[in-house]
Amino acid sequence: MNQSDFARKYSFEKPLQRLIMLRVLMGGSMDGEGVRVIEHHVLAEFCCCSKQAVFKEIKALERAGFLKVRKIGALDIGLKVRLEPARGYTITPAQEFV
């Protein structure tokens, strides 16, 4: 099974974990492969809860091996150049689900 099937069908501990996985899945290409870059506030706004709750569940998903997280920054070049905080997310399905 691919990342899309995993995010939709796996029995996660909490509904917020599935919501996070679905948002990460939406941030990528249609094949569901690769790293998705998502800014902090976008993920928290999508889940309609506090940033602390989102990041707590992201850590739980990371510890379980379902999500790989890489700290990165997205460069915004307009009238000003600034570095926006973001993370790169990669979905890694559970071995028994693959």
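Given the structure is predicted, the values throughout are model-derived calculations rather than measurements.

Student: How do you make sense of the overall build of the protein when you look at a structure like this?
Tutor: The number of helices and strands found in the protein is four helices and three strands. In the protein, the order of α-helices and β-strands from amino to carboxyl end is α-α-β-α-α-β-β. A buried classification covers 37% of the 98 residues belonging to the protein. Pairs at least 24 apart in sequence give 55% of the contacts found in the protein among residues at least 6 apart.

Student: Looking at this structure, how should I read the packing of helix α3 (residues 40-47) against helix α4 (residues 51-64)?
Tutor: Geometry of a packed helix pair, given as the angle between the helix axes and the separation of the axes. The geometry of α3 relative to α4 is characterised by a closest axis approach of 9 Å and an angle of 100° between their N-to-C directions. On the basis of the axis angle, α3 is roughly perpendicular to α4. Touching H40, H41, L43, A44 and C47 of α3 are K51, V54, F55 and I58, all from α4. Among the residues making up the contact of α3 with α4, the classes are represented as six nonpolar, two polar and one charged.

Student: When you look at the pattern of salt bridges in this model, what are you seeing that I'm missing?
Tutor: It is possible for side chains bearing opposite charge to pair when their charged atoms get close. Going through the model one piece at a time under the given rule, you end up with three salt bridges. For the salt bridge of R8 with D5, the shortest nitrogen-to-oxygen distance reads 2.6 Å. Of the two residues, R8 and D5 are both situated in helix α1 (residues 3-9); the distance of three residues between them amounts to about one turn of the helix.

Student: Would you explain unusual backbone geometry in this entry?
Tutor: Only a minority of non-glycine residues have a phi that is not negative, and only a minority of peptide bonds are not trans. Unlike most non-glycine residues, C48 shows phi in positive territory, near 55°. Inspection of the secondary structure puts C48 in the loop between α3 and α4. On the basis of relative accessible area, C48 is assigned to the exposed category, the value being 70%.

Student: How should I be thinking about the side chain of R23 in this particular structure?
Tutor: Along the polypeptide, R23 turns up in helix α2 (residues 15-26). The residues contacting R23, other than those within four sequence positions of it, are I38, V42, L43 and F46.

Student: What am I meant to see in α2 here?
Tutor: Every α-helix winds through 3.6 residues per turn, so residues three or four apart in the chain are directed the same way. With 12 residues, α2 should reach 16 Å at 1.5 Å per residue; the first-to-last C-alpha distance of 17 Å fits that figure. When α2 is considered as a whole, its buried residues turn out to be L16, Q17, I20, M21, R23, V24 and L25.

Student: How do you make sense of the nonpolar core when you look at a structure like this?
Tutor: Across soluble globular proteins, nonpolar side chains show a tendency to be buried alongside one another. Judged by nonpolar contacts, the single largest core of 20 residues is most densely connected at F6, I20, M21, F66 and L67. Elements supplying a minimum of two residues to this core: α1, α2, α3, α4 and β3 (81-91). For this core, the element with the most residues is α2, which contributes five residues. In this structure L67 touches M21, V24, I58, L61, E62, Y89, T90, I91 and T92, once residues within four positions along its chain are discounted.

Student: Looking at this structure, how should I read the packing of α2 against α3?
Tutor: Relative orientation of the contacting elements α2 and α3 amounts to 130°, with a least axis distance of 10 Å. One way to sum up the angle between α2 and α3 is to call them oblique. In this structure, the crossing between α2 and α3 has a hand that is right-handed. Two secondary-structure elements touch here, α2 through L16, L19, I20, R23 and M26 and α3 through V42, L43, F46 and C47. Looking at the contact of α2 with α3 residue by residue, the classes come out as eight nonpolar, no polar and one charged.

Definitions and cut-offs
Chains are numbered independently. Their residues run from 1 in the order of the written sequence. pLDDT decides what is reported in this predicted model: residues at 70 or higher carry local features, side-chain atom pairs at 80 or more are listed and counted, and totals for whole chains, interfaces and linings draw on all residues regardless. Where side-chain values are given, they derive from all heavy atoms of the structure, hydrogens and water being excluded. Only runs of H or I of at least four residues qualify as helices and only runs of E of at least two qualify as strands under DSSP, and these elements are numbered from the N terminus. Burial here depends on accessible area, computed with a 1.4 Å probe over protein chains only, as a share of the maximum for the residue type. Under 20% is buried, over 50% is exposed, and the range in between is partly exposed. Here, residues are in contact when the closest pair of their heavy atoms is within 4.5 Å. Fitted lines through C-alpha atoms serve as axes, helices being fitted only where they are in contact, and the angles separating the N-to-C directions of these axes extend from 0 to 180 degrees. In these notes the angle categories are as follows: under 35 degrees is roughly parallel, over 145 is roughly antiparallel, 65 to 115 is roughly perpendicular, and the rest is oblique. Under the scheme applied, nonpolar residues are Ala, Val, Leu, Ile, Met, Phe, Trp, Tyr, Cys and Pro; charged residues are Asp, Glu, Lys and Arg; polar residues are all the others, including Gly. Definition used for salt bridges: Asp or Glu carboxyl oxygen within 4 Å of a side-chain nitrogen of Lys or Arg. Residue count minus one, scaled by 1.5 Å, sets the expected span of a helix. The criterion is simple. A nonpolar core is a set of buried Ala, Val, Leu, Ile, Met, Phe, Trp, Tyr and Cys residues joined through side-chain atoms within 4.5 Å. The crossing is said to be left-handed when, going from far helix to near helix, the turn is anticlockwise and less than a right angle, and right-handed when the turn is clockwise.

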